[in-house]
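Architecture at a glance
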Amino acid sequence: MGLRMVFLSDVSRDRDNNYNLIRFLAAGAVLVSHAFPISSGPETRQPLQDTLDMGLGHLGVLIFFVISGLLITQSFDRSSTVTSFLVARALRLFPALIVVLILTVIGLGPIATTLPPDAYATAPETLTYLPRNLSLAFLQYDLPGVFVDNPYPGAINGSLWTLVHEVTCYVGVLLLGLLGAIGDRRRLAVGMAAYLAFYLAVSLGWTPLASIPRLVSLKDLSLPFVLGGLFYVYRAYLPLSIPFAAVLAAIVFVGFDTPVGEELFVLSVSYTTIVLAYRVGGVMRRYNDLGDYSYGVYIYAFPVQQTIAWQLGPHSPYLNIILAAPVTLALAILSWNLIESRALKLKTPLSSRILAFRTP
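These remarks concern the structure in this document. (Residues numbered from 1 in each chain as written. Predicted model: local features only at pLDDT ≥ 70, side-chain atom pairs only at ≥ 80, totals over all residues. Heavy atoms only, no water.)

**So, helix α7 (residues 124-135)**
With 12 residues, α7 should reach 16 Å at 1.5 Å per residue; the first-to-last C-alpha distance of 17 Å fits that figure. Residues of α7 that are buried make contact with α5 (82-112) and α6 (117-122). (Helix = DSSP H or I, 4+ residues; strand = E, 2+ residues; numbered from the N terminus. Expected span 1.5 Å × (residues − 1). Contact = heavy atoms within 4.5 Å.)

Take a look at the structure:
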C-alpha cells in the first residue's frame, strides 16, 4: 500500500501546527540579523546578505508574511462578521505596540537622551513619537537625543517598518473577502490579475510608482503573503510533501540567477514553511503550550539591542546577541501573558458591543 498524500485541507482545521515556533524562530532571526549593523554600524553586512542578496532578518520577515497570509485569509473565511475580523486584527496588533511605544518614550527615552529632562519632555519629536508610530504609515524612528552616538545612530525601533505592509495586506484580504473572491475562483482570478499587474509594474519599472521605496517594499513583502493566502484558498489541492519542498529548493538553486530567481526563492521558502508547520511534529508541538512570543520578540528586540549598543559602543554582534536575547525573550513573555493573550480574549465581547451599538 502506498503512502497517502497529505493535503493542506487535511491538517489545517485546528491549531495542531508549528506556526508559533516557526514565527518565534523567524523573530529570532531578525534579532540576530540586526545585531550586526546595531553593534558595528549600518554598513556591516548581515548573515546571508552576500549569498542571497538579503539579510537573515529579511528571510525571517518573509516567513512571517507567508504564515500571516494563510492565517489571515483563514481568519476572514471563518469570521462570522467583518467586525469580528477587524477587531481580531486590531487586538493582535495594537495593544502590545502601544505598550512598547509608551515604555520607549517615557521609560527608555528620558534615561538615554543627551538632552536635559525638560528639553526632552517638550521636544516636538517626543510628543509625536507615539501617534506617528501608531499610525504605522508615518513612522518616527528617532527620539530627541536618544542613541545619537550609537554605532547605528538614532533609530529606536527599526523593526516597525513592516507593520504598515502587514496591515495593507490585511486590507487586501478584506477587500477580496467583501467582493466574495475568497470563495469564488473567478472573482479571485480577477483580484490576482490586478495584484500581478501591480507586482510587474513595480518590479519592471513600468510606472513612476516603481521609484517609491514603500511600494517596492510592499511588492517584496506582499508576495509571500499572497502565496500564503492562495495556499489556504486551494488547500484541498495543495499537497504537503517534504520531497517536493526539496525539489523546489533544488529548482531555486539552479534558477537563482534567472530573472525569476527571487520569485522562485520566495515560493520555495513559502511552501517549505507551510510544510514544516504541519509535517514535522513530535516534541516540537509542545512549544504551543508556552504561547506566541514572536510578536513580542519582534517589537522589543531592536530597542533592547540599541540600549546595549548605547552602553557598550562598538562591539561584537555576537555579544549583542548574547546580551539581547534573554532580555528580549523576558519582555516578550511578559508581553504575551500580560497584554497580548488578554487582549485577544476581548475579541468576542468587543465585537458584540460594536455590533450592538451599530444595530438600530
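**A word on the layout of surface pockets**
Volume-wise, the largest pocket comes out at about 1,300 Å³. Lining of the largest pocket is provided by 38 residues; of these, Arg 15, Arg 23, Leu 71, Arg 89 and Arg 92 occupy positions nearest its centre. Looking at the lining of the largest pocket, the elements that each hand over two or more residues are α2 (19-40), α4 (56-78), α5, α8 (163-178), α13 (294-312) and α14 (317-344). The biggest single contributor to the lining of the largest pocket is α4, with 10 residues. Split into classes, the residues belonging to the lining of the largest pocket amount to 16 nonpolar, 12 polar and 10 charged. (1 Å grid on protein atoms, 1.4 Å probe; cavity = no way out; pocket = protein on both sides within 12 Å on 5 of 7 lines; lining within 4 Å. Points joined across faces, edges and corners; volume = space filled by probe spheres on them. Nonpolar A, V, L, I, M, F, W, Y, C, P; charged D, E, K, R; others polar.)

**With respect to unusual backbone geometry**
One non-glycine residue, Leu 136, lies in the positive phi region at around 70°. With respect to the helices, strands and loops of the structure, Leu 136 is situated in the loop between α7 and α8. Take Leu 136: its relative accessible area is 4%, and that puts it in the buried class. You will see that Phe 147, though not glycine, has its phi angle at about 60°, which is positive. Within the secondary structure layout, Phe 147 lies in the loop between α7 and α8. (Buried < 20%, exposed > 50% of the residue type's maximum accessible area, 1.4 Å probe, protein only.)

**With respect to the packing of α5 against α8**
As a packed pair, α5 and α8 sit with axes 11 Å apart at the nearest point and diverge in direction by 175°. By the angle between their axes, α5 is roughly antiparallel relative to α8. Side by side, α5 and α8 meet where Val 82, Phe 85, Leu 86, Arg 89, Leu 93 and Leu 97 of the first sit next to Leu 163, Val 167, Tyr 170, Val 173, Leu 174 and Leu 178 of the second. Looking at the contact of α5 with α8 residue by residue, the classes come out as 11 nonpolar, no polar and one charged. (Axes fitted to C-alpha atoms, helices over the stretch in contact; angles between N-to-C directions. Parallel < 35°, antiparallel > 145°, perpendicular 65-115°, else oblique.)

**Brief notes about empty space enclosed by the protein**
Per the stated rule, a full pass over the model turns up one cavity of 30 Å³ or more. As a volume, the largest cavity reaches approximately 40 Å³. Along its surface, the largest cavity is lined by Ala 27, Val 30, Leu 31, His 34, Ser 159, Val 297, Tyr 298, Ala 301, Phe 302 and Gln 305. Within the residue set of the lining of the largest cavity, elements represented by two or more residues are α2 and α13. Ranked by the residues each element gives to the lining of the largest cavity, the list is headed by α13, at five residues.

**Examining the pattern of salt bridges**
What the rule picks out here adds up to seven salt bridges. The partner of Asp 50 in a salt bridge is Arg 45, with the nearest N and O atoms 2.9 Å apart. With a relative accessible area of 62%, Asp 50 lands in the exposed category. Note that Arg 187 is salt-bridged to Asp 184, the shortest N-O span being 4.0 Å. Through salt bridges with shared partners, one network takes in Arg 23, Arg 92, Asp 292 and Glu 340. (Salt bridge = Lys/Arg side-chain N within 4 Å of Asp/Glu carboxyl O.)

**Some remarks on the nonpolar core**
Nonpolar side chains in soluble globular proteins tend to be buried together. Counting 80 residues, the largest nonpolar core has Phe 231 and Ile 274 as the members making the most contacts within it. With 11 residues, the single largest contributor to this core is α4. With residues up to four places along the chain from it excluded, the contact list for Ile 274 reads Leu 8, Tyr 19, Val 66, Leu 70, Phe 231 and Leu 240. (Core = buried A, V, L, I, M, F, W, Y, C linked by side-chain atoms within 4.5 Å.)

**Quick look at the environment of Phe 76**
Checked against the element boundaries, Phe 76 lands in helix α4. The spatial distance from the C-alpha of Phe 76 to the C-alpha of Leu 178 is 9.7 Å, given a sequence separation of 102 residues. What Phe 76 contacts, discounting residues up to four positions off in sequence, is Val 82, Phe 85, Val 173, Leu 174, Gly 177, Leu 178 and Ile 182.

**What to know about the packing of α5 against α7**
Put simply, α5 and α7 touch, their axes get as near as 10 Å, and they point 165° apart. In terms of orientation, α5 and α7 fall into the roughly antiparallel class. Crossing angle aside, the handedness with which α5 passes α7 is right-handed. Contacts between α5 and α7 involve Phe 94, Leu 97, Ile 98, Leu 101, Ile 102, Thr 104 and Val 105 on the former and, on the latter, Thr 126, Tyr 129, Leu 130, Asn 133 and Leu 134. Here the residues of the contact of α5 with α7 are counted per class, giving nine nonpolar, three polar and no charged. (Left-handed = near helix turned anticlockwise from the far one by under 90°.)

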